[in-house]
Amino acid sequence: MCGIAGIYSHKSVAAELYDSIIHLQHRGQDAAGIMTYDDRMHKEKGMGLAKEVFNETNMELLTGNIGISHNRYPTHGGFSHGEVQPFWTSVPYGIALAHNGNLTNYQDLAEEITHKDSRYLNTNSDSEVLLHYFADLLHTNNPPEDSEEFFYLLCNAVTKIFKHVNGAYSVVSIVIGKGLVVFRDPQGIRPLVKGERSNGNGGKDYIFASENTMFYALGFEPKGTVLPGELIYVDEAGNVFNKRLVKKSFNPCIFEYVYFARPDATLNDVSVYRSRLRMGQNLAEAWKKKHPEKTPDIVIPAPSTANTAALSFAHELGVRYSEGLYKNTFIGRTFIMPGQAERKKSVKYKLVPQELEIRDKKVMIMDDSIVRGNTSREIVRMLKDFGAKEVYFSVACPPVKSPCFYGVDMPTKSELIAGNMNEVEIENYLEVDALLYQKINDLVEAVTRKGDHHIDTPCMACLDGNYVANDIDEAKISEMETMRVHDRNGG
Ligand code: SF4
């Protein structure tokens, strides 16, 4: 999972790209990078949070009015400095690219690039492969001079990418002397939104980003979503060219709404906050039907992604919402921290139960999802240790049964609790008095009920095993899981 942004502006973009990284920090905390260009490419990238990577001195070197940024949370490739995006190549033009997603035919493409196209890959990153594949398709003996011709060349190149590159990819790219290029895979699995603002001289500035979380701060007006299969090109004079090159079904990731996106974001023209409220409503209805005799005294979210759903859940049940678990926000999200040992250790440091809210009460814990199950089990134990009379557990997301190969770092199937246990077994494992998962239909309804959206069916492959790009079978699962474990172990 990553965050990307691309900005075309009438003024220097470096500071706004930095702000974009800050506003997308929740999408990736392992590394960050910015590339801009004027007459040359300028890059600054490194491991860690944005505030650890950038400073006044290195920001000053990022000159230019067009640029891209990237927040990294690795789902493919290793964890070294060399894997930090954006990637760039000097042939042809000088092209830099930042990518959010995951290519499922990475190995075939890497083979083609190194053997057929004689290009050198310096990392195991699928984004580097995508950059070189794109660059090779733009390579011609007669480089186009004007923007229309260049857009024609881009259309041909990106159409080929859409045909041959499998998986999920939202992309922002800069091409020296040409401008900003943006495209999104034909099913729009990973998010990509767009915005505009007046530059005060009768022209416009443009932003494209994984989420619109920075638009307000930077003065951009949201202009909806980059459509699946769409290519957008902003040339150096600010002329915009766009074309939807391929039209397939629109299958954006449902897990963005459950967990990843910031609640104030609007993705695919659907408000994340509102969808989470609806998740809570639907789950509360289901709870009342299934357990009419079990009414909790309070509803406590496992902070903080579940807060919104817990709020509406409590409201529908007519019981009190309580912040009975205090979260220390200076410790990273457990789902993001690599390694089981760190994950286990961090729960107690991260969450502090408030005894006054818990003792002698029937407590409903609401979580956004259960992945491995360890954190949920520890939370239940903490509540019991702090005197809860009964503990119920509700989950805004249905059981996560299969790994994600489209850009979210899910564990392998053997590590997913719902990949190995049924709901009764999970209830027993968690040692709760009652457990309720959201039904898949109710989750889809919560996400698609409102909004001026074009979603056909969200991707739910991690929930229902239906990999929407039709690119995954048992052999591919085994190949991808092996690669993921290899990457994790620093191979
Ligand atoms: Fe999102 Fe799950 Fe699909 Fe991955 S498999 S893109 S996490 S819905």
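Nothing here was measured: the structure is a model prediction, and the numbers come from that model.

**Focus: the overall build of the protein chain**
Scanning the protein chain from N- to C-terminus turns up 18 helices and 22 strands. Taken over C-alpha atoms, the radius of gyration comes to 23 Å for the protein chain, in line with the 23 Å a tight globule of 491 residues would show. Along the first, second and third principal axes, the C-alpha atoms of the protein chain reach 75 × 50 × 40 Å. When the 491 residues of the protein chain are sorted by exposure, 60% land in the buried category. The contacts of the protein chain with a sequence gap of at least 6 include a subset with a gap of at least 24, amounting to 72%. Accessible surface for the protein chain amounts to roughly 19,400 Å². Of this, 48% is attributable to carbon and sulfur atoms. Taking the average place of the 54 positive charges on the side chains of the protein chain and the average place of its 64 negative ones, the gap between the two points comes to 5 Å.

**Focus: the environment of L325**
In this fold, L325 is placed in strand β18 (residues 325–327). Overall, L325 belongs to the buried group, its relative accessible area being 4%. The spacing of L325 and Q438 is 113 residues in sequence and 22 Å in space, taken between C-alpha atoms. With sequence-adjacent residues up to four places away left out, L325 is seen in contact with I300, P301, A302, P303, L351, V352, P353, I365, I379, M382 and L383.

**As for the nonpolar core**
Most often, soluble globular proteins have nonpolar side chains that are buried together. Core analysis: the biggest nonpolar cluster contains 116 residues, and F134, F183 and F255 have the highest contact counts within it. Tallying contributions element by element places helix α6 (residues 147–164) first for this core, with nine residues. When residues of this core are assigned to domains, at least three fall in each of domain 1 (3–251) and domain 2 (270–455). With 25 residues, the next largest nonpolar core counts I379, V391, L430 and Y437 among its residues.

**What to know about the environment of A32**
Among the structural elements, A32 can be located in strand β2 (residues 31–37). Residue class for A32 comes out buried when judged on its relative accessible area of 0%. Setting aside chain neighbours within four positions, we find A32 in contact with I21, E44, K45, G46, G48, A50, V53, F54, H70, V84 and Q85.

**A short note on the sheet that holds strand β16 (residues 298–301)**
In space, the five strands of this open sheet follow the order β17-β16-β20-β21-β22, with parallel pairing throughout. The sheet is open, and its two edges are formed by β17 (320–321) and β22 (434–437), each paired on a single side. Seen against the sheet, helix α9 (residues 272–290) touches β20 (362–367), β21 (390–395) and β22 and runs at an angle of roughly 135 degrees to β22.

**A look at the domain arrangement of the protein chain**
One can read the domain layout of the protein chain as domain 1 (3–251) and domain 2 (270–455). Domain 1 and domain 2 are separated by 34 Å when their C-alpha centres are compared.

**Observations regarding the sheet that holds strand β10 (residues 204–209)**
Taken together, seven strands build an open sheet; the order of strands is β3-β2-β4-β1-β10-β9-β11 and the sheet is antiparallel. The outermost strands of the open sheet, each flanked by one partner alone, are β3 (41–47) and β11 (221–225). Neighbour to neighbour, the strand axes of the sheet diverge by 15 degrees on average, direction disregarded. In this structure, β2 lies alongside β3, joined through seven bridges in antiparallel fashion. By the bridge assignment for β3, G33 is matched with K45. Relative to the sheet, helix α1 (residues 14–23) contacts β1 (3–8), β2, β4 (66–72), β9 (193–198) and β10, its axis offset from that of β2 by approximately 155 degrees.

**A few points about the pattern of salt bridges**
This structure, assessed with the given rule, holds 19 salt bridges. Linking E196 and K204 is a salt bridge whose minimum nitrogen-to-oxygen distance equals 3.2 Å. Note on E196: relative accessible area 22%, which makes it partly exposed. Ionic pairing is found between R320 and E357, a salt bridge with its closest N-O pair at 2.9 Å.

**Topic: helix α4 (residues 106–116)**
An α-helix turns once per 3.6 residues; consequently, residues spaced three or four apart project the same way. Restricting attention to buried positions, one finds in α4 the residues Y106, L109, A110 and I113. With its buried residues spanning 100 degrees around the axis, α4 presents them on a single face. The outward face of α4, more than 90 degrees from its buried face, is lined by the exposed residues D108, H115 and K116. Backbone geometry just downstream of α4 places S118 in the positive-phi region, at approximately 55 degrees.

**Notes on helix α16 (residues 440–448)**
Of the positions making up α16, those classed as buried are L443, V444, A446 and V447. One side of α16 carries all its buried residues, which in axial view fall inside an arc of 160 degrees. Its buried side turned inward, α16 meets α8 (255–260), β15 (270–271), α9 and α17 (461–464).

Rules used throughout
Residues numbered from 1 in each chain as written. Predicted model: local features only at pLDDT ≥ 70, side-chain atom pairs only at ≥ 80, totals over all residues. Heavy atoms only, no water. Helix = DSSP H or I, 4+ residues; strand = E, 2+ residues; numbered from the N terminus. Rg over C-alpha atoms; globule rule 2.2 N^0.38 Å. Buried < 20%, exposed > 50% of the residue type's maximum accessible area, 1.4 Å probe, protein only. Contact = heavy atoms within 4.5 Å. Areas by Shrake-Rupley, 256 points an atom, 1.4 Å probe, with all protein chains shown as cover. Lys, Arg positive; Asp, Glu negative; His and termini not counted. Charge placed at Lys NZ, Arg CZ, Asp CG, Glu CD. Core = buried A, V, L, I, M, F, W, Y, C linked by side-chain atoms within 4.5 Å. Domains from an automatic or database assignment. Pairing = 2+ DSSP bridges. Axes fitted to C-alpha atoms, helices over the stretch in contact; angles between N-to-C directions. Salt bridge = Lys/Arg side-chain N within 4 Å of Asp/Glu carboxyl O. Arc of directions from axis to C-beta.

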